[in-house]
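Examining the three-dimensional arrangement
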Amino acid sequence: MPQTPFYANMVCELWDLVDGGIDDVLLRVKGEAGVNGITLTLAGGPVDRFRPQVGVTPRMFRSTAGAHFHPNADRYEATRLKPVAADWLRSRDPLPRVYEACDRQGIRLRGRLTLGPALGQLHRHDESKLKNAYGEINPAWYCPVNPDVRALYTAMVADVCDRQVCNKLEIMLRFPHASWTTGEAPAGFAGTNAAAWLLGLCFCESCRQQAGNDDVNIDAASHAARVLIDAVRQPDETDPGMSLADLLGSDDALRQLHVWRQAQITTLAAELIETASCDIWFARSNTPINDNMDNRVIADLAAGLIARCPCADRVEDIDAVVRRVCEETNDVRRTELRIDLHGDQCDEGDILVRCAQRAAGHGVAHMTFGDFGLLTTDRLDWVRRAVRFASREMTS
């Protein structure tokens, strides 16, 4: 029986490649970290990060949300939403040069699309944005039920595939768990998980019309959400007083809405897969109820699932993650782990080595480490050691 190859990947963002020198960064990724593939974001939300590697400028990298390539306008004729290039790009188009450099150095290139943030359209096309149970619009998030948003996403996948630079695409697709503009709960909100989910529910015109057509009692769901959110007390009492699962079990209208929202994500995922000319892997939701995502159904459609895995000192934690994902994919070969190790995500290299080795022992042949631009040089060596031991485990 032939041995399964081990695929080690590193998140290496386009802006870090440009600012560090494309060939120089790729040489470091391959030589110092020992990986044979990179993942870079092709579209996503705003970026605000400090670069810990000495000598890299600017030390603080900031950019607006948007595409990290210049979209082909012809691809977006079917939607009123036109993606905007992130402002750091200006007139540059480094993606083809990155592809050529990866090809020269034998490095696989994967693109990632984070679908949800309003891609450069923060204060335009409000009809395409999330609207909460109080009728208030969140300008930072698209609603994936809106027809123009769905057409935007399929066009973006087609646009990326047209460029023929990626051997596969990673897609993060879901309703946001809670519609915070900045990713953090706003001042004054004292609710916990269930209340945050209720406040993040969308009741835009597209959701109301289409859910109503599918016999979902959208008015009852909106009313229930408002009543339960209004029950939040400050500062020491919490939300509806139950878990999200218990909440859905106790309210028929909200449960109907949750199931319907899952179906919207599933059908959109299927449309994106049908549009693509390369393999599509989906980022697995660690909180599928919160995100209205059915991991099992998505796994049946996609080439595989990518799950975030803690850099944990307890091997039982690694076992649990691998077991859960494999239950959803039914095939360890369609399972990939994403292990972040910047800052306090990982305490020491030996822990990372044990994590990677343990996962490889279960047959996990795809791992992504993140991310190059946030790692100090010593942590690149941690990755190199982890890749070496995991590769040995796969071939032993």
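Here is what the cut-offs are and how they apply
- Residues numbered from 1 in each chain as written.
- Predicted model: local features only at pLDDT ≥ 70, side-chain atom pairs only at ≥ 80, totals over all residues.
- Heavy atoms only, no water.
- 1 Å grid on protein atoms, 1.4 Å probe; cavity = no way out; pocket = protein on both sides within 12 Å on 5 of 7 lines; lining within 4 Å.
- Points joined across faces, edges and corners; volume = space filled by probe spheres on them.
- Helix = DSSP H or I, 4+ residues; strand = E, 2+ residues; numbered from the N terminus.
- Nonpolar A, V, L, I, M, F, W, Y, C, P; charged D, E, K, R; others polar.
- pLDDT = per-residue confidence, 0-100.
- Contact = heavy atoms within 4.5 Å.
- Phe/Tyr/Trp six-rings, centres within 6.5 Å; stacked < 30°, edge-to-face > 60°.
- Buried < 20%, exposed > 50% of the residue type's maximum accessible area, 1.4 Å probe, protein only.
- Lys NZ or Arg CZ within 6 Å of the ring centre and 35° of its normal.
- Expected span 1.5 Å × (residues − 1).
- Arc of directions from axis to C-beta.

1. Here we look at empty space enclosed by the protein
- The final tally for this structure, using the stated rule, is 1 cavity of 30 Å³ or more.
- Considering only enclosed or pocket space, the largest cavity measures out at about 30 Å³ in volume.
- Lining the largest cavity are Tyr7, Asn9, Arg108, Arg110, Lys168, Glu336, His366 and Met367.
- Looking at the lining of the largest cavity, the elements that each hand over two or more residues are β1 (7-11), β6 (108-115) and β13 (366-370).
- Residues that form the lining of the largest cavity fall into these classes: 2 nonpolar, 2 polar and 4 charged.

2. Some words on the confidence of the model for the chain
- For the chain, the average pLDDT comes to 89, and 92% of its residues sit at 70 or higher.
- Element-level mean pLDDT values for the chain span from 76 in helix α10 (residues 288-291) up to 97 in helix α6 (residues 205-213).
- Of the regions scoring below 50 in pLDDT, residues 234-240 engages in 16 contacts with residues more than four places distant in sequence or in other chains.

3. Some thoughts on the packing of aromatic side chains
- Counted under the stated rule, the structure contains 3 aromatic pairs.
- Measuring from centroid to centroid gives 5.1 Å for Trp15 and Phe61, while their planes differ by 15°, and the two rings are stacked. Of this pair, Trp15 sits in helix α1 (residues 14-20) while Phe61 sits in strand β4 (residues 60-63), and the two are 46 residues apart along the sequence. Both residues of the pair, Trp15 and Phe61, belong to the buried class.
- The buried category is assigned to Phe61, whose relative accessible area is 5%.
- Here the aromatic residues Trp15, Phe61 and Trp88 are joined through ring pairs into a cluster of three or more.
- Its end group placed over the ring of Trp281, Lys168 keeps NZ or CZ at 4.0 Å from the ring centre.
- Lying across the ring of Phe389, Arg392 places its NZ or CZ 5.2 Å from the centre.

4. A word on the environment of Ile107
- Among the secondary structure elements, Ile107 is positioned in the loop between α3 (95-105) and β6.
- Beyond its immediate chain neighbours, meaning those up to four positions away, Ile107 contacts Leu26, Lys30, Asn36, Gly37, Ile38 and Cys102.

5. Looking at helix α12 (residues 315-329)
- With 15 residues, α12 should cover 21 Å at 1.5 Å per step; its first-to-last C-alpha distance of 21 Å lies within 8% of that length.
- Listed as buried for α12 are Ile318, Asp319, Ala320, Val321, Val322, Val325, Cys326, Glu328 and Thr329.
- The elements touched by buried residues of α12 are α11 (295-301), β11 (304-308), β12 (335-340) and α13 (349-361).
- Backbone geometry just after α12 places Asn330 at a positive phi near 60°.

6. Looking at unusual backbone geometry
- Here Thr57 and Pro58 are connected by a cis peptide whose omega angle stands at -5°.
- Among the secondary structure elements, Pro58 is positioned in the loop between β3 (47-50) and β4.
- The phi dihedral of Arg90 falls on the positive side, at around 50°, and the residue is not glycine.
- With respect to the element layout, Arg90 can be found in the loop between β5 (66-67) and α3.
- Non-glycine residue Asn330 carries a positive phi angle of around 60°.

7. Some words on helix α2 (residues 22-31)
- What α2 keeps buried is the set Ile22, Val25, Leu26 and Val29. Looking down the long axis of α2, one finds its buried residues gathered within 100° of arc, a one-sided arrangement.

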